Amino acid sequence: MDRPRRVIVVDAGPLYAYVDSDDESHTASKALLTSYPGVLVVPTLVITEVVYLIGTRLGARAEVRFLGDLASGAFDIDPVHPADWLYMADLVARYRNLPLGTTDASVVACAQRRGTHVIATTDRRHFGVVRSRTGTAFTLLP
């Protein structure tokens, strides 16, 4: 019998740090993203945030390389599902004092739908506060 594969939902921080060798989280993020033994799920809204950061901070060449990484199949790209939008709106409203924001809410919605409590993020301030629908804290890596 096959064992279920472990799933981790990846936020923008580790993806950006993976590309930017000067980022303080580069080494830990690169290690996680290149050696995680399960499925690395990236919500589509996260990709939008990452390519903006890479393009504006590191330039088109780095952005093109990152897009190549996405095309290689290293990540499972996850679109926002129709049922996610209202849940994301609820999260943005509930955590408006952080503020959480739509992209971070999409990470939480994706994790809920994929049945994981593991999120790769460098954003401990937001994701350290947010809880799952059952009230469980997320495990944050790296």
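Here's what I pulled together on the structure shown here.

So, how was this worked out
Residues numbered from 1 in each chain as written. Predicted model: local features only at pLDDT ≥ 70, side-chain atom pairs only at ≥ 80, totals over all residues. Heavy atoms only, no water. Helix = DSSP H or I, 4+ residues; strand = E, 2+ residues; numbered from the N terminus. Contact = heavy atoms within 4.5 Å. Buried < 20%, exposed > 50% of the residue type's maximum accessible area, 1.4 Å probe, protein only. Pairing = 2+ DSSP bridges. Axes fitted to C-alpha atoms, helices over the stretch in contact; angles between N-to-C directions. Parallel < 35°, antiparallel > 145°, perpendicular 65-115°, else oblique. Left-handed = near helix turned anticlockwise from the far one by under 90°. Nonpolar A, V, L, I, M, F, W, Y, C, P; charged D, E, K, R; others polar. Expected span 1.5 Å × (residues − 1). Arc of directions from axis to C-beta.

## Here we look at the environment of V39
- Relative to the helices and strands, V39 is located in strand β2 (residues 39-43).
- In contact with V39, other than residues within four places in its own chain, are R5, R6, V7, I8 and D76.

## Digging into unusual backbone geometry
- Omega for the bond connecting L98 with P99 falls within 30 degrees of zero, at -15°, which places this linkage in the cis form.
- Considering the arrangement of structural elements, one finds P99 in the loop between α5 (84-94) and α6 (102-114).
- In this structure, P142 follows L141 across a cis peptide bond, with omega equal to -5°.
- Structurally, P142 can be placed in the segment after β5 (139-141).

## Considerations on the pairing of β2
- Extensive coverage of β2 is indicated by the burial of five of its five residues.
- On β2, burial covers both faces: V39, V41 and P43 on one face and L40 and V42 on the other are all buried.
- As judged from the three bridges shared by strand β1 (residues 7-10) and β2, these two strands associate in the parallel manner. Directly across from I8, in β2, lies its bridge partner L40.

## Examining the packing of helix α3 (residues 44-57) against helix α4 (residues 60-71)
- Where α3 meets α4, the axes come as close as 8 Å, and the angle between the chain directions of the two elements is 150°. Here α4 runs roughly antiparallel to α3, going by the angle between their axes. The handedness of the crossing between α3 and α4 comes out as right-handed. Residues I47, V50, V51, I54 and G55 of α3 pack against A62, E63, F66, L67 and L70 of α4.
- Within the contact of α3 with α4, the residues separate by chemical class into eight nonpolar, one polar and one charged.

## Description of α3
- For α3, built from 14 residues, the straight-helix expectation of 20 Å at 1.5 Å per residue is met to within 8% by its first-to-last C-alpha distance of 20 Å.
- V46, I47, V50, V51, L53 and I54 are the residues of α3 that are buried. Seen from one end, α3 has its buried residues packed into an arc of 160°, which puts them on one side. Every exposed residue of α3 that faces more than 90 degrees away from the buried side is listed here: T48 and Y52.
- Buried-residue contacts for α3 involve β1, α1 (12-19), β2, α4, β3 (76-78) and α6.
- Residue G59 follows α3 closely and has a positive phi angle near 100°.

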